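Each chain, written out:
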Amino acid sequence: MANQENEHTKTRERILKIACEVFAKRGFRNTTVRDICQQAEVNVASVNYYFNSKEKLYEEVCKYACGISSEDGDSRFKLNAGSKPEEQLKSFIQALLVNVLGTEPSNWRHMIMSREMVEPTNALSIIIKEMIKPRFQQLYSIVQDLLGKGVEDETVRRCCFSITGQCLYYRFARPVITKLDPRQKYDQAEIKKLADHITQFSLNAIKNFTSTKRERKERATKESVPAPRFDCECRFC
């Protein structure tokens, strides 16, 4: 019985592994169950047996791509909760850059994510729920601390989008960047430099944003103070 269960587990893992590669190269719509089963060297009915359907198999692939198969199932980045917001922001940015740039663009995880951004399927909701949203909430908390109390939710969200946009540009515009700046590398040392630059750029922007808002508030307060009135009609007042 144990040997049979072990064999079932191995077969399921083999199908999942092959599916990751095939879906990444061909996309969900252009991949057939037969394509996967042939490469996995299993019966064509195996996908339905182990995963119920092609759609469910693809969902498992997306979960696997999100790292949900890890021990704790937490897709958020490991940050030092006791550090300052500035340090947490730097750690977050570096972790995000390593995540999107730390492997080759041909990596199947990157290809799955890229396809979902361009040709979204129902599985995109899984990726958002299990990976993107937890990380966004993590960044939101950091940015909110940096901006201070009383800042509107819309402002915090837009700052988060701006920060992640800088990081993702180096991933999705990589072919363009390579042409514009052939010297740009993506090894560990260069990723750290990028993280330092994006962090400093973002902190300066946030600092300027909060200063400008404070100045506007102070100016509005001064302008709202009514000018003194003199009701006396004598010519000496």
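Below is a summary of the structure that appears in this document.

Reading the values: the criteria
Residues numbered from 1 in each chain as written. Predicted model: local features only at pLDDT ≥ 70, side-chain atom pairs only at ≥ 80, totals over all residues. Heavy atoms only, no water. Phe/Tyr/Trp six-rings, centres within 6.5 Å; stacked < 30°, edge-to-face > 60°. Helix = DSSP H or I, 4+ residues; strand = E, 2+ residues; numbered from the N terminus. Buried < 20%, exposed > 50% of the residue type's maximum accessible area, 1.4 Å probe, protein only. Lys NZ or Arg CZ within 6 Å of the ring centre and 35° of its normal. Salt bridge = Lys/Arg side-chain N within 4 Å of Asp/Glu carboxyl O. Axes fitted to C-alpha atoms, helices over the stretch in contact; angles between N-to-C directions. Left-handed = near helix turned anticlockwise from the far one by under 90°. Contact = heavy atoms within 4.5 Å. Nonpolar A, V, L, I, M, F, W, Y, C, P; charged D, E, K, R; others polar. Core = buried A, V, L, I, M, F, W, Y, C linked by side-chain atoms within 4.5 Å.

A closer look at the packing of aromatic side chains
- The tally for this structure, following the rule as stated, stands at 9 aromatic pairs.
- Their ring planes at 10° and their centres at 5.7 Å tell us that Y64 and W108 sit as a pair that is stacked. Of this pair, Y64 sits in helix α4 (residues 54-65) while W108 is found in helix α6 (residues 108-118), placing the two residues 44 residues apart along the sequence.
- On the accessibility criterion, Y64 (32% relative accessible area) is partly exposed.
- Note that K54 overlies the ring of F28, its terminal NZ or CZ placed 4.4 Å from the centroid.

Thoughts on the pattern of salt bridges
- Considering all chains together, one arrives at 10 salt bridges under this definition.
- A salt bridge links E60 to K63, with the nearest nitrogen and oxygen atoms 3.9 Å apart. Of this pair, E60 and K63 both sit in helix α4, 3 residues apart, which is roughly one turn of that helix.
- In this structure, D196 engages K90 in a salt bridge whose closest nitrogen and oxygen atoms are separated by 3.1 Å. Remark: K90 occurs in helix α5 (residues 85-101) and D196 occurs in helix α10 (residues 188-224); sequence separation between them is 106 residues.
- When its relative accessible area of 27% is taken as the criterion, D196 is described as partly exposed.

Observations concerning the packing of α4 against α6
- Their axes nearest at 10 Å, the elements α4 and α6 cross at an angle of 115°. Here α4 runs over α6; the crossing is left-handed. The segment α4 lies against α6, with Y58, V61, C62, Y64 and A65 engaging W108, R109, I112, M113 and E116.
- Among the residues making up the contact of α4 with α6, the classes are represented as 8 nonpolar, no polar and 2 charged.

A word on the nonpolar core
- With 30 residues, the main nonpolar core has L89, I93, L97, L101 and V143 as its most contacted residues.
- Element by element, the count of residues in this core is highest for α5, at 7 residues.
- Leaving out residues up to four positions away in the same chain, V143 has contacts with V156, C159, C160, I163 and I206.
- In terms of nonpolar packing, the next biggest core, distinct from the first, is built from 28 residues, A24, V47, V61 and I112 among them.

Comments concerning helix α2 (residues 33-40)
- For α2, the set of buried residues is D35, I36, C37 and A40.
- Looking one or two residues beyond α2, the residue adopting positive phi is E41, at roughly 60°.

Here's the deal with the side chain of T155
- Relative to the elements of secondary structure, T155 occurs in helix α8 (residues 153-172).
- Residue classification places T155 among the buried positions, given a relative accessible area of 15%.
- Setting aside its immediate chain neighbours within four residues, T155 contacts L147 and F209.

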